[in-house]
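Residue-level listing of the chains:
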Number of protein chains: 2
Amino acid sequence: MTAPERSEPEAVVDLAGLLAYAELTAFDRMVDDARMAPSLEDRAALAGMAVAEFAHFRRLHEHLERELGVDAESAMTPFVAVLDAFHEQTAPSDWLEGLVKAYVGDGFAVDFYREIAERIDEPTRSLVLDTLADTGHAAFAVDKVRAAIDAEPAIAGRLALWARRLMGEALTQAHRVAVERQSLARLISGSGVDSAGDLAALGKMFARITEAHSVRMATLGLKA
Amino acid sequence: MTAPERSEPEAVVDLAGLLAYAELTAFDRMVDDARMAPSLEDRAALAGMAVAEFAHFRRLHEHLERELGVDAESAMTPFVAVLDAFHEQTAPSDWLEGLVKAYVGDGFAVDFYREIAERIDEPTRSLVLDTLADTGHAAFAVDKVRAAIDAEPAIAGRLALWARRLMGEALTQAHRVAVERQSLARLISGSGVDSAGDLAALGKMFARITEAHSVRMATLGLKA
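Residues numbered from 1 in each chain as written. Chains lettered and ligands numbered in written order. Predicted model: local features only at pLDDT ≥ 70, side-chain atom pairs only at ≥ 80, totals over all residues. Heavy atoms only, no water.

Draft legend 1. Inspection of the confidence of the model for chain A at higher detail. Residues and elements named next belong to chain A. Looking at chain A as a whole, the pLDDT averages 87, with 92% of positions reaching at least 70. Element-level pLDDT for chain A is lowest in helix 9 (residues 182–189), with a mean of 79, against a maximum mean of 96 in helix 3 (residues 72–76). The ipTM assigned to the predicted complex is 0.79, against a pTM of 0.84. (pLDDT = per-residue confidence, 0-100. Helix = DSSP H or I, 4+ residues; strand = E, 2+ residues; numbered from the N terminus.)

Draft legend 2. Spatial organisation of the interface of chain A and chain B. Contact with chain A, which involves 26 residues of that partner, is made by 26 residues of chain B. Overall, the association of chain A and chain B removes approximately 2200 Å² of surface from exposure, summing both partners, and the carbon and sulfur fraction of that is 56%. Across the pair B:Arg43 and A:Asp28 runs a salt bridge whose closest N-O atoms are separated by 3.8 Å. Here chain A is connected to chain B by twelve residue pairs in polar contact (both at pLDDT 80 or more). For the side of chain A that touches chain B, the secondary structure elements donating two or more residues are helix 1 (9–34), helix 2 (40–67) and helix 3 of chain A. When residues in the side of chain A that touches chain B are grouped by element, the largest group, twelve residues, is from helix 2 of chain A. (Contact = heavy atoms within 4.5 Å. Buried area = accessible area lost by both parts, 1.4 Å probe. Salt bridge = Lys/Arg side-chain N within 4 Å of Asp/Glu carboxyl O. Polar contact = N/O pair within 3.5 Å; in protein donor to acceptor, adjacent residues only side chain to side chain.)

Draft legend 3. Focus on the relation of the copies chain A and chain B. Each copy superposes on the other: chain A lies on chain B with an RMSD of 0.0 Å after a rotation of 180° and an axial shift of 0.0 Å. Both copies are brought into coincidence by an operation consistent with a two-fold rotation axis. Among all residues of chain A, the one whose C-alpha sits closest to the rotation axis is A:Val51, at a distance of 3.2 Å. Of all interface residues in chain A, 100% are interface residues in chain B too; the two copies therefore contact each other through one and the same surface. (Least-squares fit on C-alpha atoms with pLDDT ≥ 70 in both.)

See the structure below:
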């Protein structure tokens, strides 16, 4: 790909702030979900992955304050409501729903943030891409969910519905962020979201993310 | 102090298992409590300390499996009920109660585990003592609680009562562990808890811990 034009500082801070709070809250929720684990080993495994998310949060926090020279709390604050809303709407009711959420939610997040990161400058860009590196929980979730479906095929329908709900909620909130934060909207579309062409750019991005989601559903053994 | 007699392997596994689950559950609860923080910075700070507890859990888990050659889950299981009961009885209702709990609970735990660790062999002994190293949250909690009391002296009474309740609950559960697990009881008393002399050894240990608690209360600016 060709090098992007120089991204505006506001968009860079927004992306780092959004991702920092996303990591903090993902950490938090995964620790909660870990409590539903069928064994202490599984609980410790999921908690360990949550801790990896926290390490990502720390790096982004440091980056915001030291490299970008902004107050990390102020950079995260605009995104608290939207991320909290996502998690409130998608509290898993059992261990398997928690794993599906970790896998689907994480996959969605990786795709979404990568799309944006590719449009911003270094060094934030590399840090964001680095932060999106898999902490090992995709494989863990896939193994556990597939094994559970093998043992009891009847649960596949419920989990597929759950995954669809997660995806719908993630799209709703991601759209909200993309449209409400003008700096991010400009970044994604190349200019803004006031014209039909700009909205089309946004639409295309979400179409790519939705397609990747279908592939992940098949990996889990679920219908998209 | 003189070197202890060779401790029985069962007691060593019990201590490591107990402490491992204590760290896992402390991690968990501190992440919960962090959510009541008045700012994202405070939330991140407490979550960071929780993550340090998780690192301790990991080291103990590894020690159980690799050095002691036992299944970590089996070693922790006997202590799940007692530690969960402690946390259920002492769920903080706000940020300051959470900080007081982190400080008082942690101080209690350090004293209790150190008393036992001094009676067991290396290398578990060093690992346990190491694991008890302060993760920085004592100073954090003291600062925040003292500042809150300075700003609003009327809350001191409520927090002092809360601390007393925490201490009572911790003593209850620690007693339960010390008496129910014969291996630990023998370690503490030198033989068992069937005779009056053995119960006295247990009593003395808890008296020392209670005294240390009073010092901590004064540090917080609270009446013991």
